[in-house]
Amino acid sequence: GLGLSNKKDENFGEWYSEVVVSGEMIEYYDISGCYILRPWAMAIWEIMQEFFDAEIKKMKIKNCYFPLFVSPGVLQREKDHIEGFAPEVAWVTKSGESDLEVPIAIRPTSETVMYPYFSKWIRGHRDLPLRLNQWCNVVRWEFSNPTPFIRSREFLWQEGHTAFATKEEADAEVLDILELYRRIYEEYLAVPVIKGKKSELEKFAGGFYTTTVEAFVPNTGRGIQGATSHCLGQNFAKMFEIYFENEKREKAMVWQNSWAYTTRTIGVMVMVHGDDKGLVLPPKVASVQVIFVPVPYKDANTQGIFDACTATVNTLCEAGIRAEADLRDNYSPGWKYSHWEMKGVPLRIEIGPKDLANNQVRAVRRDNSAKKDIPRADLVEQVKELLANIQQSLFDAAKQKRDACIQVVKTWDEFVEALGQKKMVLAPWCDEEEVEKEVKARTKGEMGACKTLCSPFEEPELPEGTICFASGKPAKRWSYWGRSY
Ligand SMILES: O=C1CCCN[C@@H]1CCCn1cnc2ccccc2c1=O
């Protein structure tokens, strides 16, 4: 097919919608906010899932599956935290022609589904820690502009729900999981993230505190919450009466966490790495890491070229590299080059008559188009090295670009100027919610309001006497601010 008709740096929104479709990740669906995840996207989800699932199993966390449907009584049990979310809850009201006696909610998240059973299953301290996870879909009937992967009415996620006897155990797990989320982004998707804590205003209202990995999209100058790991404190234990008899034989409430990452991760990766030729997939999450394209020439030994492609693909596959050959005879090599570039395959290998004669192949990187002739004898090692190099350079380039979008400010004027330049702003803050609300109100503009993204765990020195950029009061901590998704 033809190339993209939108350029990333000219109209980003249209570019994004086009590239996820042309790259065969997404097919639009006839219900707004719902998207078809095609195999090219599903394979990325599965690679991340394989990593994360293995890691949580090492932590003795067990997978389970709770029903999709939530009875209204249970959902309302948690009125304070869902009051803000209520409009997003989708309800089943009929079956066939007849109305249901009582409407049933579709899970937007599973706290209220699971915790009545946590209460039933947890009796004594020997029942703790209880650590469950489920891989499932959730539905949130959002109305703001739907975007493939980034904001959809149904999405895939994992949700972890754990209960401990002590706060210390819960605090530790929150950070263990957050580190896994950082690894998903930085080691698999090659996307740099900032670990931090959400403000009281931005945290999960039903919880105690929220930690997050924040990503950033330079093209739009918007931050995006990459994944969250909440400590729920004893809030839900109180609400759902989840008690246990501790070692002093006292009745105590459990300490709980909940944590999730979603298919939004794929959208962030596309936004960060994609270019005007299409998707750019980091090798670690590419279902096809190397695509072989035969370049037959007139009467030159076409069969020999095809056989060489097949043989080298097998050699690479045996070495654990995800390689395929595109031997279709109804497409030209040139068509195949742009097709696989559109799909973001990290490495293309061409074999033409000359390559065949010299017992070599020509490798072409997707990230920087660099070409390299490789003797077939060294293929496995050189391809492994190339893929590792592509992975690292994608991360390095994204980090450099993200760091260039961070502006440290001390005053309101500097803050507003940096926002106008689509930056993510690091500013000293008095940590007062009223001030945070005021900044939101004062920055409401066509680009959308600016909010706190997180207070970074790694923060610069805050010299004595530093004042808050917005209120002039004594600053208590640094915080990242920005427009966000
Ligand atoms: O993030 C997580 C991690 C996984 C488990 N759930 C927590 C918190 C979810 C917060 N939330 C988010 N949207 C909602 C939408 C409708 C009803 C309830 C909710 C809701 O509770």
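From a predicted model like this one, the values you see are computed outputs, not experimental measurements.

**Quick word on the packing of helix H2 (residues 39-58) against helix H8 (residues 264-273)**
- Between H2 and H8, whose axes approach to 10 Å, the crossing angle comes to 110 degrees. Between H2 and H8, the interaxial angle falls into the category roughly perpendicular. In the packing of H2 onto H8, the handedness of the crossing is right-handed. Seen from H2, the contacting residues are Ala41, Ile44, Trp45 and Met48; seen from H8, they are Thr265, Ile266 and Met269.
- Grouping the constituent residues of the contact of H2 with H8 by class yields six nonpolar, one polar and no charged.

**Concerning the confidence of the model for the protein**
- Within the protein, residue pLDDT values average 96, and 100% of them lie at 70 or more.
- Considering each helix and strand of the protein separately, the mean pLDDT is smallest for helix H4 (residues 79-82), with a value of 72, and largest for helix H6 (residues 167-188), with 99.
- Among the prediction metrics, the complex's ipTM stands at 0.99, with pTM recorded as 0.97.

**Thoughts on the packing of aromatic side chains**
- Applying the stated criterion across every chain yields a total of 31 aromatic pairs.
- On the numbers, 6.5 Å between centres and 50 degrees between planes, the contact of Phe66 with Tyr117 is tilted. Taken together, the positions of Phe66 in the loop between strand S3 (62-63) and strand S4 (69-70) and Tyr117 in helix H5 (residues 111-121) put the pair 51 residues apart, joining distant regions of the chain.
- The class of Phe66 is buried, set by a relative accessible area of 7%.
- Ring centres of Trp412 and Phe469 lie 6.0 Å apart, and the angle between their planes is 5 degrees; on these two criteria the pair is classed as stacked. Here Phe469 lies in the loop between strand S22 (450-456) and strand S23 (477-484) and Trp412 lies in helix H13 (residues 412-420), a separation of 57 residues in the sequence.
- Here Trp412 falls in the buried class, since its relative accessible area comes to 16%.
- In this structure an aromatic cluster arises from ring pairing among Phe66, Tyr115, Tyr117, Phe118, Trp121, Phe204, Phe236 and Phe240.
- Across from the ring centre of Trp40, 4.0 Å away, lies the NZ or CZ of Lys343, which sits over that ring.

Reading the values: the criteria
Residues numbered from 1 in each chain as written. Predicted model: local features only at pLDDT ≥ 70, side-chain atom pairs only at ≥ 80, totals over all residues. Heavy atoms only, no water. Axes fitted to C-alpha atoms, helices over the stretch in contact; angles between N-to-C directions. Helix = DSSP H or I, 4+ residues; strand = E, 2+ residues; numbered from the N terminus. Parallel < 35°, antiparallel > 145°, perpendicular 65-115°, else oblique. Left-handed = near helix turned anticlockwise from the far one by under 90°. Contact = heavy atoms within 4.5 Å. Nonpolar A, V, L, I, M, F, W, Y, C, P; charged D, E, K, R; others polar. pLDDT = per-residue confidence, 0-100. Phe/Tyr/Trp six-rings, centres within 6.5 Å; stacked < 30°, edge-to-face > 60°. Buried < 20%, exposed > 50% of the residue type's maximum accessible area, 1.4 Å probe, protein only. Lys NZ or Arg CZ within 6 Å of the ring centre and 35° of its normal.

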